[in-house]
Structures are given as C-alpha cells and as structure tokens.
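The lines below spell out each chain.
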Amino acid sequence: MSARSALRGPLLVIWFLSQGVLGFYLPGLAPVSFCEPAKEGEGNAVPDCKSTIELFVNRLDSVESVLPYEYTAFDFCAVEAEKRPSENLGQVLFGERIEPSPYKFTFKKSEKCQLVCNKKYNTNLPTDRTYMDFLKKGMLLNYQHHWIVDNMPVTWCYDVEDGQKFCNPGFPIGCYVTEGGQPKDACVVNSDFSEKDTFYIFNHVDITIHYHVVETGELGARLVAAKMEPRSYKHTNADAPDCQGGPMFIKNKDSGDMKIPYTYSIEFVEDKKIRWASRWDYILESMPHTNIQWFSIMNSLVIVLFLSGMVAMIMLRTLHKDIARYNQMDSVEDAQEEFGWKLVHGDVFRPPRKGMLLSVFLGSGTQIFIMTFVTLFFACLGFLSPANRGALMTCAVVLWVLLGTPAGYVAARFYKSFGGEKWKTNVLLTAFLCPGVVFADFFLMNLILWWEGSSAAMPFGTLVAILALWFCISVPLTFIGAYFGFKRTGIEHPVRTNQIPRQIPEQSFYTKPLPGIVMGGILPFGCIFIQLFFILNSIWSHQMYYMFGFLFLVFIILVITCSEATILLCYFHLCAEDYHWQWRSFLTSGFTAVYFLVYAIHYFLSKLQITGLASTILYFGYTMIMTLIFFLFTGTIGFFACFWFVTKIYSVVKVD
C-alpha cells in the first residue's frame, strides 16, 4: 500500500468532520416571509407574510470591560409598552438581554433621515448628569451596540488590511478624542473627529436590508443581510432633522442643557446571489484569521495524529517483547529473577491514598466528559449554531444536570474498589463538592455583576431555577447512580494484592512524580492551544465561534493524546518499580489545565485591553471555573486510560 493511499482514509475522515460546520450547518430557525403591505380593499396575496420589520436590541459590551449593560442603561430611544422576547437559560447565563426597539420599518419602503427621538439632558440635575456620565463612559470604553433583524445581526462592514472586508456584528456608541488630540477607536475613521477632549456620538444609522425573492414568488421575500453605517450628525434643526451639519459632539467638560437627536435612514436592496440558507456566510467568512485557522489546525491535527501513532507503535512493540519474555519464564529460578513492571504485580492495585477524593473527581470528570462529547456532537451537526442563540450553553447545562447518574455510579464503583466504606460521604461529596465550588465562584462573580449593575447579573429567579435543577434533579440522579454503583460487586483485578507493601527504590529525576506530571501536560496542551485562542476570542472579544467541526476533531485528538501520554509515563514508572499510578495518572493529564491557566493569563496580558478592578476579578474568576472543569475532564481521561492499560498488561502475563 502506498503512503498516499494509506493517508487517504484518515484525511477523508478529517475532511468529513471539518465539513460538519458547512454541510450540516443550520443557519437559522424557520424562515420568515416578508411582503409589501396590501393596499386598501385588497387582501394579502401571500398568507403568513409580514410587512413590518422589527428591529430588536441586545446588551452592549466592550473588549475593554467584562461588564455588559442593558440597552436601556444608556438612556437610548426605547419603547416601554411592548413585551420583551423570552430568553432561554443560555442567553441569561451569557448576559443577553434582547428588547424591542422603536426602530420599525415597512418592507421595501425606503426612508431618509427619520427622527426616532430627542434625548434632552440638563447636567445640573443629578439624574441627567448620571446618564450623561454613563454615556461618556460607554464611549470611552468603546461599548458596542448589537442589533437584530429577523434573528440576524445587523452588521457594520468596513475595509481592513489587504483589501479584505470585515463585518462586525456590532457598532460603537461613539468615540473619544483625547486631551492630546489622539483619536481613539472609531474616531480614526473620520478626519472631522478632531476636537480635543471631546466625545463624538453616532446618533444616526444608515441601514441597508438585502432580501431574496423566493423563486416561486408565492412565498414572498426573505431577508438575507442587514448592514449599517454609523454616522454622527448635529442636524440643522434637531426637531426636524436633515442629516446635515458637522458631527454630533459632547465636550468632556460641557455643562448645562444638551440635546441629542437619534435618526435613521433605510433602504432595501434585492440580492439574487445570497440564499436564505447561506445568509450567515458573509459574516463568518469575514472573521479575522479564519483562513489562518484552517491551515494551522490542520497542521496541528496531522502532527498530533502522527505523534500519537508513533507513541502507540513504540508502546505496542515494547510491551509485546516484555510480555513474551515474562511468559517464557517457567522455572522457579527465572521467577525469582523478575524485573521491570512485573515486579510490582502484588502492589499495582493497592488502594491509593485519599481514595475518597479521587473517586469523587472521577465521578465529576465522567459527567463533564459525557456532557462535552454530546454537546460538541450536536454543535457539529449544526443544531447549536450562532443563529440559535444561547442553545450551546442551555444544552451543556441541561446535559450536566441529567448526567448525575453516571457521576454517582463511577464514583461509587471506584470508591468501593479502593476499599472505602463511607458510602454516604462519597455520594454527598460527588453531588456537592465540585458543583458546589463552581457555584460558589459563579455566585461571587454574580455579586460583583449585581453591584456594577451589569446585564450579565443573573436574575434571582434564574438563580433559584438553577439551584432547583441541581438539588431536585442532579442530586437525586447522583444518588441513584451511587446506589447501583455500590450494589454491584467490586471491580475484579487480574492479580492479587500483597498484604505488605513493597518498598519503592530510589527514583531517577525523570521518574519522580513532579517532573513526570509537569511533562505529561505539554503534549495535550500542544494540540489545543491554537483552538484555545479562538475560543477565548469568542468569549472575551465577543467574536462568533462557529467551527464546531474542527473543535470536535480537536476534542477527539485531545482524548487520544491525554490517554497515550499518560500511558507512556505510567509504563516508565511501573518499570521503575513505582506502583503509585492512580493519582499520578490523574494529575499527569490533569496538569494540562495548569498550562491552560498560564495561557489564559498570557492572553489577558497580551491580547485584551481590559481595564478596571471589577473586570479583572471577573475575568480570573470565570477562568478559574474553566480551569477546574478542564482539570477534572483531562484528569479523568488520563486515569481511565492508565487503568485500562494496567489491567490489560497484568491480565496477559503469568503470575505465580
């Protein structure tokens, strides 16, 4: 078989999985048809066809602050009477707050310089001064609007380097020119923004809605893109705006009466090229570094695949020789001259110290592993796409709640095999220890968000609902799993354990616990750090993450790499007659989480522009939650791989 044909199969699998984000991507929910309003005395020719286009507003966020705020916090034009759309659990956890807005359009009816509202402020009044200061703070920290039309983000597309066009699913409130005359953020796009120590507010938007007429003509038209250009106009007459005059600015030290008119213009353009099913493509294709990511991830995957294959081949060849040599020892004299990993056969299954804690970690890690696998699988098929807002987090939380049974079962099964008898303590710790640590951290972060008045602060009702899911569903399911785990007979080991522990000889540097654990996490981290950059970007820089096909591949490679790195080090330690493999295998692959933490600190210092104590505390508070989850996830993979390996090799050799 040629090298080319040998590679063809794995590469086809990689290609198929990576195309999960393309071939199976569901770009939205059910399509909505739009038609021109019917004339008087005529019925609508197309049933279930809307003529009014509603624009919804979401929370405002910034790359310079972790704190998002609701749209109404900035005192923009708002409507009071209309009901807010319902939000799912994932949207609430991510701080999304979608609200109706006064921006309403009629399909195919273009409008120019329409007044939405006038906002008047008197800085001598405390309430108005507070609103004005908050608006200035939003412009200083480059807070971004996020508008939604037909469940699709309204994007601001502009040119970047090399003639590329970047479509941002948000646009800034305004910008600031410093006292030294240095324009910040969006102020660099307009030479008129030049007054020192001045805020320029984008109080006008030019909206262009692209639509595609369905071929049959019986279903009306469907919206395929919504683009906008933020502008700043002072207007000759604020009550009858004409979109003329210089930019709308606010001097930093101005006081007294101020008036800010908010206006819009809208036009409709028919687009015959873009279909409704691919209407998100222009946003996703313009994401920065997308092309670099495809090549980098493919390169990383191929390297790790070959490296994993080499490790597996070395292990299989070496082990095959060891087992054949041990099984040829028939005489008593040969048996007395045992060497290598067979020497510790009477101690290799000796219960570890702190077996209670290890079993609890294994139960929680199993719960996280299954949750991650199922969530990524559904995301890879497109069910958890960016159009289905909050679905990814909702799916993960619901799965975690329902997977209490495997957690209780695994923890109970291994605790019993470790010789533990305090089953009540074990099941309680499995149900409450790791989830309790995560919830306590999350609650403290939520207190900070409440104090800062952020939209990301979870409402009290949602907090109670999460506690109800935990105590009323997850905990009972954990008890049920533990019941079946303790009811079963203990795990049968292939060799008996001696009553007297064997003395472990002096170890060389590389077989000591700490160096092995530190080295063991390098290889798994190496296969995820490229993908990690884009995941952190989506969380902290508010960029869409959509390449779940590659993420699922990286997940599989991570599992393989953690397993093989742990097995390799476990084999070396057993050959050095060190039989304390249980905790070491868990910590070896679990140490990948420490590298993740170090990378997150590097990302904070080098990539982010976060300012303020509250935002810094929130960043590291949420990072610690991710680190703990990743530690349990990778540690559990390493333990199960090593447990399978040890059981396998000691079951195929003759032990007298």
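Rules used in this analysis
- Residues numbered from 1 in each chain as written.
- Predicted model: local features only at pLDDT ≥ 70, side-chain atom pairs only at ≥ 80, totals over all residues.
- Heavy atoms only, no water.
- Helix = DSSP H or I, 4+ residues; strand = E, 2+ residues; numbered from the N terminus.
- Areas by Shrake-Rupley, 256 points an atom, 1.4 Å probe, with all protein chains shown as cover.
- Expected span 1.5 Å × (residues − 1).
- Buried < 20%, exposed > 50% of the residue type's maximum accessible area, 1.4 Å probe, protein only.
- Contact = heavy atoms within 4.5 Å.
- Patch = residues over 30% accessible without salt bridge, like charges linked within 9 Å, V, L, I, M, F, W, Y side chains within 5 Å.
- Salt bridge = Lys/Arg side-chain N within 4 Å of Asp/Glu carboxyl O.
- Pairing = 2+ DSSP bridges.
- Axes fitted to C-alpha atoms, helices over the stretch in contact; angles between N-to-C directions.
- Phe/Tyr/Trp six-rings, centres within 6.5 Å; stacked < 30°, edge-to-face > 60°.
- Core = buried A, V, L, I, M, F, W, Y, C linked by side-chain atoms within 4.5 Å.
- Parallel < 35°, antiparallel > 145°, perpendicular 65-115°, else oblique.
- Left-handed = near helix turned anticlockwise from the far one by under 90°.
- Nonpolar A, V, L, I, M, F, W, Y, C, P; charged D, E, K, R; others polar.
- Polar contact = N/O pair within 3.5 Å; in protein donor to acceptor, adjacent residues only side chain to side chain.
- Disulfide = S-S within 2.5 Å.
- pLDDT = per-residue confidence, 0-100.

Peer 1: Would you mind showing me how to read the overall build of the protein chain here?
Peer 2: Secondary structure assignment for the protein chain yields 19 helices and 19 strands. Counting every atom, the protein chain has about 31,500 Å² of accessible surface; 62% of that belongs to carbon and sulfur.

Peer 1: So what exactly am I meant to see when it comes to helix α10 (residues 404-417) here?
Peer 2: What sets the pattern is the α-helix's 3.6 residues per turn: residues three or four places apart point alike. Between its first and last C-alpha, α10 extends 20 Å over 14 residues, near the 20 Å set by a 1.5 Å rise per residue. Most of α10 sits inside the fold, with 10 of its 14 residues counted as buried. For α10, the set of buried residues is Gly-404, Ala-407, Gly-408, Val-410, Ala-411, Ala-412, Arg-413, Phe-414, Tyr-415 and Ser-417. Buried residues along α10 sit against α8 (355-380), α9 (391-402), α11 (423-452), α12 (460-487) and α19 (613-651). Count one or two residues on from α10 and you reach Gly-419, which has phi positive near 85°.

Peer 1: Sorry, what's going on with unusual backbone geometry here?
Peer 2: Among all residues save glycine, negative phi is the norm, and among peptide bonds the norm is trans. At Cys-113, a position not held by glycine, the phi torsion is positive, near 50°. Its place among the elements puts Cys-113 in strand β7 (residues 111-122). The buried category is assigned to Cys-113, whose relative accessible area is 13%. With a phi close to 65°, His-235 is a non-glycine residue in the positive phi region. Mapped onto the elements of the fold, His-235 is located in the loop between β17 (221-231) and β18 (249-251). The buried category is assigned to His-235, whose relative accessible area is 7%.

Peer 1: Help me understand a nonpolar patch on the surface in this model?
Peer 2: A cluster of nonpolar side chains, contributed by Phe-373, Phe-377, Phe-378 and Phe-383, occupies part of the molecular surface with about 360 Å² of accessible area. Locating Phe-373 in the fold gives a position in helix α8.

Peer 1: Sorry if this is basic, but what is going on with the sheet that holds strand β14 (residues 174-177) here?
Peer 2: As a general point, the strands of a sheet are linked pairwise by backbone hydrogen bonds and lie either parallel or antiparallel. Across the sheet, which stays open at both edges, the 3 strands sit in the order β14-β15-β18 with antiparallel pairing between neighbours. Since the sheet does not close on itself, it has two edges, and those belong to β14 and β18, each with one partner. Across the sheet, the axes of successive neighbouring strands diverge by a mean angle of 20°, strand direction being ignored. Bridging between strand β15 (residues 198-201) and β18 involves 3 bridges; their strand directions are antiparallel. Bridge assignment links Phe-199 to a residue of β18, and that residue is Ile-250. Set on the sheet, helix α4 (residues 126-140) makes contact with β14, β15 and β18; between it and β15 the angle comes to about 85°.

Peer 1: Hey, could you run me through helix α15 (residues 529-540) in this one?
Peer 2: Compared with the 16 Å implied by 1.5 Å per residue over 12 residues, the 16 Å span of α15 between its first and last C-alpha is a close match. Among the residues of α15, Gln-531, Leu-532, Phe-533, Phe-534, Leu-536, Asn-537 and Trp-540 are the ones counted as buried. Positive phi shows up at His-542, right after α15, with a value of about 60°.

Peer 1: Honestly, the sheet that holds strand β10 (residues 152-153) in this entry has me stumped. Any pointers?
Peer 2: Ordered in space as β6-β3-β9-β10, the 4 strands form an open sheet in which the pairing is antiparallel. Across the chains shown, the open sheet's two edge strands, defined by having one partner strand only, are β6 (99-106) and β10.

Peer 1: Can you walk me through the packing of aromatic side chains in this structure?
Peer 2: Each aromatic ring pair is summarised here by two numbers: the centre-to-centre distance and the angle between the ring planes. According to the stated counting rule, one finds 65 aromatic pairs in the structure shown. When the centroid spacing of 5.9 Å and the interplanar angle of 50° are considered together, the rings of Phe-74 and Tyr-143 count as tilted. Of this pair, Phe-74 sits in the loop between β5 (65-69) and α3 (89-93) while Tyr-143 sits in the loop between α4 and β8 (144-145), and the two are 69 residues apart along the sequence. Judged by its relative accessible area of 1%, Phe-74 is buried. Judged by centre distance (6.2 Å) and plane angle (85°), the rings of Phe-361 and Trp-583 are edge-to-face.

Peer 1: So what exactly am I meant to see when it comes to the nonpolar core here?
Peer 2: Side chains of a nonpolar character, in soluble globular proteins, are inclined to be buried together. Within the largest apolar cluster, 140 residues are counted, with the highest numbers of intra-cluster contacts made by Phe-105, Trp-147 and Val-646. Ranked by residue count, the leading element in this core is α19, at 16 residues. Sequence-distant contacts of Val-646, that is, excluding residues within four places in its chain, are made with Val-348, Phe-349, Cys-570, Leu-574 and Trp-581.

Peer 1: How should I be thinking about the packing of α8 against helix α17 (residues 582-590) in this particular structure?
Peer 2: Working note: a packed helix pair is described by the angle between its axes plus the distance between those axes. For the pair α8 and α17, the least separation of the axes is 11 Å and the interaxial angle reads 40°. The orientation of α8 with respect to α17, classified from their angle, is oblique. When the axes of α8 and α17 are compared, the crossing they make is left-handed. Contacts between α8 and α17 involve Leu-357, Leu-358, Phe-361 and Leu-362 from the first element and Gln-582, Trp-583 and Phe-586 from the second. The residue makeup of the contact of α8 with α17, split by class, is 6 nonpolar, 1 polar and no charged.

Peer 1: Mind showing me how you'd approach the environment of Ser-194 here?
Peer 2: By the secondary structure assignment, Ser-194 is in the loop between β14 and β15. Not counting residues within four places of it along the chain, the set of residues in contact with Ser-194 comprises Val-177 and Tyr-200.

Peer 1: Looking at this model, I keep getting lost on the side chain of His-210. Mind explaining?
Peer 2: Along the chain, the position of His-210 falls in strand β16 (residues 204-213). Setting aside residues no more than four positions away along its own chain, His-210 makes contact with Arg-222, Leu-223, Val-224, Ala-225, Lys-227, Val-269 and Asp-271.

Peer 1: Is there a simple way to explain the side chain of Ser-232 in this structure?
Peer 2: Along the chain, Ser-232 falls in the loop between β17 and β18. You can call Ser-232 buried: its relative accessible area is 9%. Of note is the side chain of Ser-232, whose polar atom sits 2.9 Å from the backbone oxygen of Ile-201. A polar atom in the side chain of Ser-232 sits 2.7 Å from the backbone nitrogen of Met-248. The contact partners of Ser-232, leaving out residues within four places of it in the chain, are Phe-193, Ile-201, Phe-202, Asn-203, Gly-246, Pro-247 and Met-248.

Peer 1: Explain the state of the cysteines here, please?
Peer 2: In a disulfide, the sulfur atoms of two cysteines are covalently bonded to one another. By the definition in use, this model includes 5 disulfides. The residue that forms a disulfide with Cys-113 is Cys-243, at a sulfur-sulfur distance of 2.1 Å. Measuring handedness by torsion sign, the sulfur bridge of Cys-113 and Cys-243 sits at about 105° and is right-handed. With Cys-113 in strand β7 and Cys-243 in the loop between β17 and β18, the pair connects residues that are 130 residues apart, well separated along the chain. Of the residues examined, Cys-243 reaches a relative accessible area of 13% and is grouped as buried.

Peer 1: Explain the pairing of strand β19 (residues 257-270) to me, please; I cannot follow it from the model alone.
Peer 2: In regular strands, side chains alternate between the two faces of the sheet. Of the pairings in the sheet, the one linking β7 to β19 comprises 9 bridges and is antiparallel in character. Pairing of Leu-115 across the sheet is with Thr-263, part of β19. Summarising the sheet, β16 and β19 pair through 8 bridges and their orientation is parallel. Within β19, the position partnered with His-204 by the bridge is Thr-263.

Peer 1: What should I look at first to understand the environment of Gly-526 in this one?
Peer 2: Relative to the elements of secondary structure, Gly-526 occurs in helix α14 (residues 522-526). Sequence-wise, Gly-526 and Thr-592 are 66 residues apart; in three dimensions their C-alpha atoms are separated by 9.3 Å.

Peer 1: Sorry, what's going on with the confidence of the model for the protein chain here?
Peer 2: Residues shown with low pLDDT carry predicted positions that ought not to be read at fine detail. Per-residue confidence for the protein chain gives a mean pLDDT of 82, with 86% of residues at or over 70. Averaged pLDDT values for the elements of the protein chain fall to 36 in helix α2 (residues 20-23) and rise to 95 in α8. Across residues 1-28 the pLDDT falls below 50, and counting only partners more than four positions away or on other chains, this stretch makes 42 contacts in the model. Segment residues 331-337: pLDDT under 50, and 2 contacts once partners within four positions in sequence are set aside and those in other chains are kept.

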